[in-house]
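# Breakdown of the fold
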Amino acid sequence: MTPRRKIDPAELRAALLAVRDWLADETAPTPARAELAAAVRLSARTLENVAPGSSVEVRVPPFVAVQCVAGPRHTRGTPPNVVETDPRTWLLLVTGARTFDDAGGTGALTASGTRASEIAHWLPLLRL
């Protein structure tokens, strides 16, 4: 397995601050694709670092998919434990503006598999 790149907390904070207005107000202009991609990728890779493992796959299309949470390793086909959501919902979870249960209850997030909800333990990653 290749070593995971360490994420600089200041870099993550700057990326999240760049999209903060949009997170606070859904009617605010959508951030530039590069800003949104940076915030999503850095936050997902931060989760990958703080919850190392390969038993849960977190997908935030079209920007990133990471594997995290210690446990049985998944190597082929569709993973048994998957969390998938859109970029805005993901960033709301990352910053603590939304809970995992709330996002799942409204359909903004799908979690399949017995271990998928374990990522809620590591959220939020950084409150703004």
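Here the structure is a predicted model, which means the values were calculated and not measured.

## A short note on the side chain of N81
- Mapped onto the elements, N81 comes out in the loop between β2 (64-68) and β3 (82-85).
- Within the local environment of N81, its side chain forms a polar contact with the backbone oxygen of S55, the two atoms lying 3.2 Å apart.
- Apart from the residues lying within four places of it in its own chain, the contact partners of N81 are S55, V56, E57, S112, G113, T114, R115 and A116.

## Notes on the sheet that holds strand β4 (residues 109-112)
- Strand order in this open sheet of 4 strands is β2-β1-β3-β4, and the pairing throughout is mixed. Edge strands, defined here as strands with exactly one partner in the open sheet, are β2 and β4. Strand-to-strand twist in this sheet, taken as the mean axis angle between neighbours without regard to direction, amounts to 15°.
- With 3 bridges joining them, strand β1 (residues 56-60) and β3 adopt parallel strand pairing. Residue V58 lies in a different strand from β3, and its bridge partner there is V83.

## Details of the nonpolar core
- Membership of the largest hydrophobic core comes to 35 residues, with the highest contact counts inside it found for V40, V58, V83, W90, L91 and I119.
- Contributing elements (two or more residues each) for this core: α1 (9-18), α2 (20-24), α3 (33-50), β1, β2, α4 (87-95) and α5 (100-106).
- At 7 residues, α3 tops the list of elements feeding residues into this core.
- Every residue in contact with L91, bar those within four places of it in the chain, is listed here: L16, V19, W22, L23, L36, A39, V40 and S43.

## Regarding α3
- Between its first and last C-alpha, α3 extends 26 Å over 18 residues, near the 26 Å set by a 1.5 Å rise per residue.
- The complete set of buried residues in α3 reads L36, A37, A39, V40, L42, S43, A44, T46, L47, E48 and N49.
- Contacts made by the buried residues of α3 are with α1, α2, β1, β2 and α4.

Conventions and cut-offs
- Residues numbered from 1 in each chain as written.
- Predicted model: local features only at pLDDT ≥ 70, side-chain atom pairs only at ≥ 80, totals over all residues.
- Heavy atoms only, no water.
- Helix = DSSP H or I, 4+ residues; strand = E, 2+ residues; numbered from the N terminus.
- Polar contact = N/O pair within 3.5 Å; in protein donor to acceptor, adjacent residues only side chain to side chain.
- Contact = heavy atoms within 4.5 Å.
- Pairing = 2+ DSSP bridges.
- Axes fitted to C-alpha atoms, helices over the stretch in contact; angles between N-to-C directions.
- Core = buried A, V, L, I, M, F, W, Y, C linked by side-chain atoms within 4.5 Å.
- Buried < 20%, exposed > 50% of the residue type's maximum accessible area, 1.4 Å probe, protein only.
- Expected span 1.5 Å × (residues − 1).

Read these as geometric descriptors, not functional statements.
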